[in-house]
Every structure is written in C-alpha cells, then in structure tokens.
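Here is what each chain is made of, one letter per residue.
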Amino acid sequence: MEFSIDWKIFLTIFASVFVAELGDKTQLATMLFAADKEVSKWMVFAAASAALICATAMGVLVGTFISQYVDERTLSYVAGLGFIAIGLFTLYNA
C-alpha cells in the first residue's frame, strides 16, 4: 500500500472534523478536566488526544467495512439525513 498525501482531501477532512468538534461534548469535557488545578494539562491533552484517535480509528474501520456492502452515495444520504435528524431533534428540545 502506497502512502501519499492528497492535501485537498486532507484539508477538507481536517476542516470538517475540526468545525464539527468545536463546542461539542468532547471539547466541553476536556475543558472541565483541564480546569482541575491538580491535573496535569499534558495528561489531559494526551488522554483526550488518544481517545479521539481511537474513536476516529473506529470510524475509519466501520466506514471501510460498511462501504464494502453499501454504496457511497447511499451512505452520504444516510449520513446527511442523520445530521438533519439530530439538528431537528436539537431544535425541538431547545
């Protein structure tokens, strides 16, 4: 397997995930742990980073597995509908 970086795809994925993570529960939990004066900020950073790496690895593995059985376009529609449903649910509960 050859590894080369397609910077356009890299930056698109980076920007999408970065924006999605801003202000979410993960970031809020990390801020709460970092606010504890007795906890090393480097430990909070390392643990939160490791957790995000593991969660991302699971997403990549599951996405790779599902893509073998479901068309990419269908996955895009399902993901889009899922995000819309979450948004509507959030608005309804607000």
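Look above for the structure.
Residues numbered from 1 in each chain as written. Predicted model: local features only at pLDDT ≥ 70, side-chain atom pairs only at ≥ 80, totals over all residues. Heavy atoms only, no water.

Further remarks concern the overall build of the chain. Along its length, the chain carries four helices and zero strands. Counting from the amino terminus, helix and strand elements in the chain follow one another as α-α-α-α. On C-alpha atoms alone, the chain measures out to a radius of gyration of 17 Å, which is more than a quarter above the 12 Å that the 2.2 N^0.38 rule sets for 94 residues. With the C-alpha coordinates of the chain rotated into their principal frame, the extents come out at 50 × 45 × 25 Å. When the 94 residues of the chain are sorted by exposure, 1% land in the buried category. Split by element, the accessible area of the chain, about 8700 Å² in all, is 74% carbon and sulfur. Side chains of the chain carry 5 positive and 8 negative charges; the gap between the two charge centres is 8 Å. (Helix = DSSP H or I, 4+ residues; strand = E, 2+ residues; numbered from the N terminus. Rg over C-alpha atoms; globule rule 2.2 N^0.38 Å. Buried < 20%, exposed > 50% of the residue type's maximum accessible area, 1.4 Å probe, protein only. Areas by Shrake-Rupley, 256 points an atom, 1.4 Å probe, with all protein chains shown as cover. Lys, Arg positive; Asp, Glu negative; His and termini not counted. Charge placed at Lys NZ, Arg CZ, Asp CG, Glu CD.)

Moving on: the packing of helix α2 (residues 25–35) against helix α3 (residues 41–67). Contact geometry of α2 with α3 gives a least axis separation of 9 Å together with a crossing angle of 155 degrees. The pairing of α2 with α3 is recorded here as roughly antiparallel in orientation. With respect to the hand of their crossing, α2 and α3 are arranged in right-handed fashion. Listed contacts from α3 to T30, F33 and A34 of α2 are K41, V44 and A48. Partitioned by chemical class, the residues of the contact of α2 with α3 number four nonpolar, one polar and one charged. (Axes fitted to C-alpha atoms, helices over the stretch in contact; angles between N-to-C directions. Parallel < 35°, antiparallel > 145°, perpendicular 65-115°, else oblique. Left-handed = near helix turned anticlockwise from the far one by under 90°. Contact = heavy atoms within 4.5 Å. Nonpolar A, V, L, I, M, F, W, Y, C, P; charged D, E, K, R; others polar.)

The next subject is helix α1 (residues 7–21). Helical periodicity: at 3.6 residues per turn, an α-helix aligns residues three or four positions apart in one direction. Relative to the 21 Å expected for 15 residues at 1.5 Å per residue, α1 spans 21 Å between its end C-alpha atoms, a close match to the ideal helical length. Sitting at the amino-terminal end of α1 is D6, which places a side-chain oxygen 3.2 Å from the backbone nitrogen of K8. Directly after α1, the chain includes G23, whose backbone phi takes a positive value near 75 degrees. (Expected span 1.5 Å × (residues − 1). Polar contact = N/O pair within 3.5 Å; in protein donor to acceptor, adjacent residues only side chain to side chain.)

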